[in-house]
Each structure stands twice: as C-alpha cells, then as structure tokens.
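As a plain string of letters, each chain reads:
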Amino acid sequence: MEIPPQEAPPGPGADADADADADAEEASAEAGSSSPASPPADGRLKAAAKRVTFPSDEDIVSGAVEPKDPWRHAQNVTVDEVISAYRQACQKLNCRQIPKLLRQLQEFTDLEHRIDCLDLKGEKLDYKACEALEEVFKRLQFKMVDLEQTSLDEDGASALFDMIEYYESATHLNISFNKHIGTRGWQAAAHMMRKTSCLQYLDARSTPLLDHSAPFVARALRIRSSLAVLHLENASLSGRPLVLLATALKMNLNLRELYLADNKLNGLQDSAHLGNLLKFNCSLQTLDLRNNHVLDSGLAYICEGLKEQRKGLATLVLWNNQLTHTGMAFLGMALPHTQSLETLNLGHNPIGNEGVRNLKNGLIGNRSVVRLGLASTKLTCEGAVAVAEFIAECPRLLRLDLRENEIKTGGLMALSLALKVNHSLLRLDLDREPKKEAVKSFIETQKALLTEIQNGCKRNFVLAREREEKEQQLQLSASMPEITITQPQPLEESGDPTTTTTGAHNGATSPRSLPDSDSDSDSEAEEEEEDGEEEEDDRQREEAHCDQSPSAPCPALVPPTDSLSPEEPKSPGSPSSPTEQRISVSSPGRGHKVFVVTRVESPPERAEPPVPPACASLPPSSPPSPPVLPPVQPIGTQDSGVPESQPEAPPSGPALPNGLKPEFALALPPEPPPGSEAKGGSCGLEHELRCAQDERELEELLRDASQEAAQHTL
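Anyway, here's the lowdown on the structure attached to this text. (Residues numbered from 1 in each chain as written. Predicted model: local features only at pLDDT ≥ 70, side-chain atom pairs only at ≥ 80, totals over all residues. Heavy atoms only, no water.)

**As for the overall build of the chain**
Piece 1. On a plain count of helices and strands, the chain comes out with 22 helices and 15 strands.
Piece 2. Burial statistics for the chain: of 714 residues in total, 42% are counted as buried.
Piece 3. Looking at the chain alone, contacts between residues at least 24 apart form 83% of all its contacts between residues at least 6 apart.
Piece 4. Surface summary for the chain: the accessible area is close to 40000 Å², and the carbon and sulfur share equals 52%. (Helix = DSSP H or I, 4+ residues; strand = E, 2+ residues; numbered from the N terminus. Buried < 20%, exposed > 50% of the residue type's maximum accessible area, 1.4 Å probe, protein only. Contact = heavy atoms within 4.5 Å. Areas by Shrake-Rupley, 256 points an atom, 1.4 Å probe, with all protein chains shown as cover.)

In structure tokens:
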C-alpha cells in the first residue's frame, strides 16, 4: 500500500519565500503593464527604469535649532539663587548637601567675574554629588577648582570633566590623589584638555596614568592644548606612558612647566626619550625630575638634549637621582652650549668634591646659571674652594645653596674671600651651626666667617637695589624731552632781514655750543630727526645772509674781532689777541647734515697763497656741477641795526685745521637750495657756483696742502 506524499510543514522560511514570490509576481506584472511591447526573457519581464528626484533648494532645510547658551542661567544671578538651585538638585537626586560648599557660596560677593577658588578638597564626591554640582558650574566661574582627594570614580570624574569643559568653569584644576578615575575618567579629562581653551593648569599628582589611559592624554597634548603647567608626579609614568607623553610633547608649543617627580624613571629608555624631548621642544621652560632613577647614564642622554636648548629650558631639577662625579663630567660639557638655563638643582646627589671640580669649568663657561643648588652633595672644604672659584668668576650668580655639607673653616674662608670679589650674589645658604673642629678656637672663626658672608650678601642686596633705582631714573630721564627747540618765524613774516635764530648764532660763536659738530658716532635715527630742523635753520640763514650782502660770497675765513658786538662778552673759545683768526669750515655730512668746524689760531708769518681765478666759466663738455652748498653764517652775533659789510671776495688765510688751503673750501661739492624759495641769483651762492674748480686744479691744491701739512708737522 502506497503512502501518498505528505506536504512538508511550513518552516520559518516558508513565509519569507512566499512573500518573495509574491513581490516578484507583482513586479513582473507592473513591468508587463508598463511595457507590454517588451518581449519576455526566460519567463520574466524587464524591470522599469528608476528615476531619482531632489527637492528644491528652499525645501532641503526645513529648519534650524540654535545651540543652547551655556550661560543663560548666569545672567544677573545672586548667591541665594545659586544656593537654592543647588539644594533643589540635591533633593531631586537624593544626595547629601556639602556643608563646605554652602559656606563658600555664602561668602562669595562678586559673581560677575571669575571667583578665586572653589575648594572641595577632602570631600567625598560620588556620581550624584557631582551631578548636583552642575547647578553651581552653570552659574559661576572660578580660577581654581580644587578636587584633591575627593574619591572620584569613573562616572563622577567623567561628569565633572564634561561640566568643566562645557561651562569653562576653571583655569586651574587640581585632581590630585584620585586613584580611581579609571580609563573613562582620563578620556573625559583628555577631551577637556583638548576642548577647553581657558584651562592653563592641571595638577594630577598621585593620579595613576596607566598604559590604557596614556594614549588619550598624549593625543590631547599633541593636537591642541592650552595647558601651560602639567603636574604628573607619582603617576606611574615609567615605560610606555612616558614614551607616549614625551613623543606628544615634541610638537607641543604651549606647555611651559612639566613636573615628573617620583615616577621611578630609569636611566635608559625613559631618560633617552626625555633627551629627545629636549632636542625638539624649545618652548618648555621647567623640567622637574626629582626623586627618580636617572643615574649617570640617563644624565648623558639628558645632556645631549640640553645642548640643543638655545632659548628654551630655564629650570632643570635633578634632585636625588643618584648622580655622581661621572655624570657631572657630562653636565660640565653640556653647560657651555646652553644659553637659557638659569636654575640648576643638583641637591641630594653624591657628587663629591671631584664632581664639583668637573662642574666648575662648565658653570664658568655657561654664563647663564644664576641659581645653583648643591645641598647635601657630600662637599668638604676642598669642594667649597672650587665653588668659591666659580663665585669669583661668575658676575651673575644670585643664589647658591650649600646646606648639609661638611664645609668647615677653610671652605668658609674661601667663600668669604670670593664674596668680597662678587657683587651679585644675594643669598648664600649655609648651615647655621658651625661644624665640629679639632681646635675649639676654629668654631669662633667659623661664626665670624658666617657673619662676614651674611654681611656680604646684604651689601650686594643694597647695591642691587641702588642699581635698580638708577636704572629706573635713567629710564624716566630718557623718556623726557632733553632739548626743546622752538621753530623760528619765517623771515617774510618778521620783516627784519637781520633776525636769525639765537641758537644759530650761539652755535657759531663757540665750538662747545655746536652739538655733534665733531662727532661721527651719531646714530642714523638722531640724524634723521635733526635733518628737518637743520635744513630749516640753513634756509633761514641763507635768506638772512643774502639780504644783508647780496653781492658778497659766503666767506670761509671770518675775523673774530669784527663779528662780536661790544655789548656781548666773548666766549671761552674766542681769541684773546686781535691778531688771531677764527676759521670756520662747513662740509656736508650724511643725510644733508652740515658739520661746522671752528678753529682759532694765530696767522703764521708767511706769504699768503694766491687766490684762484674767480668766475671761471665751465666748458660745455664738462659734466653738470654738483648742487650748491648752503651758506655758513659768520661767526658771532651781528648788530640788528646795521648789517656788517662783507668783502667782495673770500679772503685768503692760513691753512685749514686738516692741513688744506682755504681755497679748498670753495671747491667742496655744493648742496642744492632747500626749496623753491631760495634765491639763486641774488647772493654769493651763484657766485660760488661759477667759481668752482676743475679736477686738475683740485688735485694741485690737495698736493700742495699735503706737502705743507707734512712740513708743519716736521
């Protein structure tokens, strides 16, 4: 008997297959209806082409939501409102209110600016207590938020760091002695460091930064961080965390102070990465490595990086790192290369006398270290003598720490003698009690020497204060105007052709009253400032002189007896005999500046040199003459009533101060008129232009002048 085949029960995929077949039939039917002419292929119809449409530009964005203002609750807030909001949050979250926080909130007065400190040190903060603090952070901002030893866990730390990042609640944050913030807590802290632009100081002492948390902090410090001070003492950084941290800080330009004490850093891998950090980072100013295991081998790596610090590291602390005289040899060779190191602390290292001798030459060649710490370095009198030599050779040393060393009478005597030579050392720390000596009288000697050293430091302190006061006075005097110059009135307005500036006549009377007349050490800035005033004086002198004697040239030699008025006393530089003559020579200097040199001498008894032919016309083929030289005023003041009569031709006289003949003054390159107002054909300037010497005659004059000067010197 045959059993008819039974249908299999529908399994879990039977419905799906049926739905798929139905969808396929519907699709084929639609395709067939849409394109009846298309022939079927393998019993199926081709699918119709799909079309994609986009909405218009106006319909793409349906709306926008502005971000919430984090300070919407901080406008015109009062202390009572802050306390009330905090209490309500505590009741809602069913957590304990913090009495220490309430007392501080009641003492706050100025709520518009950042408050100095929010101190929660020692308070236990769980997740709910941290959530309640948001009512305070959303209304108030602080300079310092102290969360030291608050038993933060991952949830509470994450919530607090998110609040501080969102509300920018603090510029200084202390999260030290929180050992359980975990990976999520450090991740939130890294996000806060990266996003908060106001956070400058982070103290994470005794807060472990382990291998799985270090990458977040390293990434935050590498990309962008506003932190300037970072404390990571006792944070278990030895190994991979320090590698990541040092690698990230190579590209950090904002961090200024890094504290890595008590991290058990070794003298191999850890010190090698710190040396590489110093090679590439020149913005770090303080590196604190106290209480580690750097050793002499690690100091060699650090010194390699220290050689590259031209303008960066200023403070290096190597306190208690088991350094010996071998390491001091490395440091002594590196110190002359660094130019920025100011504070070097080598305390509590068994350096010994030999180590100080190895360090002495490097310190003398450094010239930048002003604070040196050698406390408890096993020094004796021999080492103190080496230190005294460094004190005597260092003119910048400010502080020296030699406490906890066996420095007795001989060493104190050397230090006292060195301090008599040194005038910069303000503080020399020594043990107050004298050391035991075999001879009892030496104890009194030690006390006397300690007193002398203390008095020497006090003397230097007084001298430093006096120097500072003098510098301040010099700065004040330099900022005040030294000379007040009144611009003269134009001659056209005054109406008196003989009126000239008093300073011009006084300056021509005596060489002492001519500022910068014989000095070549003027700076370019001073010359540029005085150019405008001197050009104005020269222009007015020229106009006054032209009005007085329109047909006379500008004399180079002027008798002094005819230039001083009888009412005016003679200057100290004026001649005492009527036979003496005053010689005035003007020559153009740098930047249109005219230097006037005056000399008084008796005329020698010899024949006057011949006067060169006047008014010699220039040949057509000669090059154009140089600009006209501004005229020089006659020496002395003139009577304003009757102008003096000037000679028609420049008188010949003795040789000039530099040994040249007086005719050479006429051959000097003239200077162009100061402006369009200069009268080119009304005074002696045009006459001087027509009487210029050619090059051959000028060479003869120079040759004769040099021969006469040689005969005069012999």
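There is more to say after this.
**Digging into a nonpolar patch on the surface**
Piece 1. Taken together, the side chains of L398, L426 and F461 define a hydrophobic patch exposed on the protein surface, amounting to about 230 Å² of accessible area.
Piece 2. Along the polypeptide, L426 turns up in the loop between α16 (409–421) and β12 (427–429). (Patch = residues over 30% accessible without salt bridge, like charges linked within 9 Å, V, L, I, M, F, W, Y side chains within 5 Å. Salt bridge = Lys/Arg side-chain N within 4 Å of Asp/Glu carboxyl O.)

**Looking at the side chain of Q104**
Piece 1. Structurally, Q104 can be placed in helix α4 (residues 99–107).
Piece 2. Engagement of the side chain of Q104 in a polar contact is seen with the backbone oxygen of D119, the distance being 2.5 Å. (Polar contact = N/O pair within 3.5 Å; in protein donor to acceptor, adjacent residues only side chain to side chain.)

**So, the nonpolar core**
Piece 1. Membership of the largest hydrophobic core comes to 119 residues, with the highest contact counts inside it found for L125, L173, L260, L346 and L402.
Piece 2. Considering each element in turn, this core owes the most residues, seven residues, to helix α7 (residues 154–167).
Piece 3. Beyond its immediate sequence surroundings of up to four residues, L260 is in contact with L232, L237, L242, L245, L265, L274, L287, D288, L289 and N292. (Core = buried A, V, L, I, M, F, W, Y, C linked by side-chain atoms within 4.5 Å.)

**Comments concerning the sheet that holds strand β3 (residues 172–174)**
Piece 1. The strand order across the open sheet formed by twelve strands is β1-β2-β3-β4-β5-β6-β7-β8-β9-β10-β11-β12, and the pairing between neighbours is parallel. On the outer flanks of this sheet lie β1 (115–119) and β12, each paired with one strand and no other. With direction set aside, neighbouring strand axes in the sheet form an average angle of 5°.
Piece 2. Bridge analysis of β1 against strand β2 (residues 142–146) gives four bridges, and the strand direction is parallel. Looking at the pairing, C117 lines up with M144 of β2. (Pairing = 2+ DSSP bridges. Axes fitted to C-alpha atoms, helices over the stretch in contact; angles between N-to-C directions.)

**Here we look at the environment of K179**
Piece 1. Within the secondary structure, K179 is located in the loop between β3 and α8 (182–195).
Piece 2. For K179, a relative accessible area of 57% corresponds to the exposed category.
Piece 3. Contact partners of K179, with chain neighbours within four places excluded, come to S206 and P208.

**Some thoughts on the packing of helix α12 (residues 295–306) against helix α13 (residues 325–334)**
Piece 1. Axis separation between α12 and α13 bottoms out at 9 Å; the angle between their running directions is 5°. The pairing of α12 with α13 is recorded here as roughly parallel in orientation. On the side of α12, the interface is formed by D296, L299, A300, C303 and L306, while α13 contributes T326, G327, M328, F330, L331 and A334.
Piece 2. Tallied by class, residues from the contact of α12 with α13 come to eight nonpolar, two polar and one charged. (Parallel < 35°, antiparallel > 145°, perpendicular 65-115°, else oblique. Nonpolar A, V, L, I, M, F, W, Y, C, P; charged D, E, K, R; others polar.)

**Quick word on unusual backbone geometry**
Piece 1. The residue K378 is not glycine, and still its phi comes out positive at about 60°.
Piece 2. Mapped onto the fold, K378 is located in the loop between β10 (371–373) and α15 (381–393).
Piece 3. Positive phi outside glycine occurs at E404, with the angle close to 60°.
Piece 4. Mapped onto the elements of the fold, E404 is located in the loop between β11 (399–401) and α16.

**With respect to the packing of aromatic side chains**
Within a pair of aromatic rings, the relevant descriptors are the distance that separates the centres and the angle that separates the planes.
Piece 1. Going through the model one piece at a time under the given rule, you end up with three aromatic pairs.
Piece 2. Ring centres of F137 and F142 lie 6.4 Å apart, and the angle between their planes is 85°; this geometry places the pair in the edge-to-face category.
Piece 3. We classify F137 as buried; its relative accessible area is 1%.
Piece 4. With a centroid separation of 4.9 Å and 80° between ring planes, the pair formed by Y166 and Y167 is classed as edge-to-face. (Phe/Tyr/Trp six-rings, centres within 6.5 Å; stacked < 30°, edge-to-face > 60°.)

**Quick word on a negative patch on the surface**
Piece 1. Together, E466, E468, E469 and E471 make up a negatively charged patch on the protein surface.
Piece 2. Position of E468 among the secondary structure elements: in helix α17 (residues 441–479). (Lys, Arg positive; Asp, Glu negative; His and termini not counted. Charge placed at Lys NZ, Arg CZ, Asp CG, Glu CD.)

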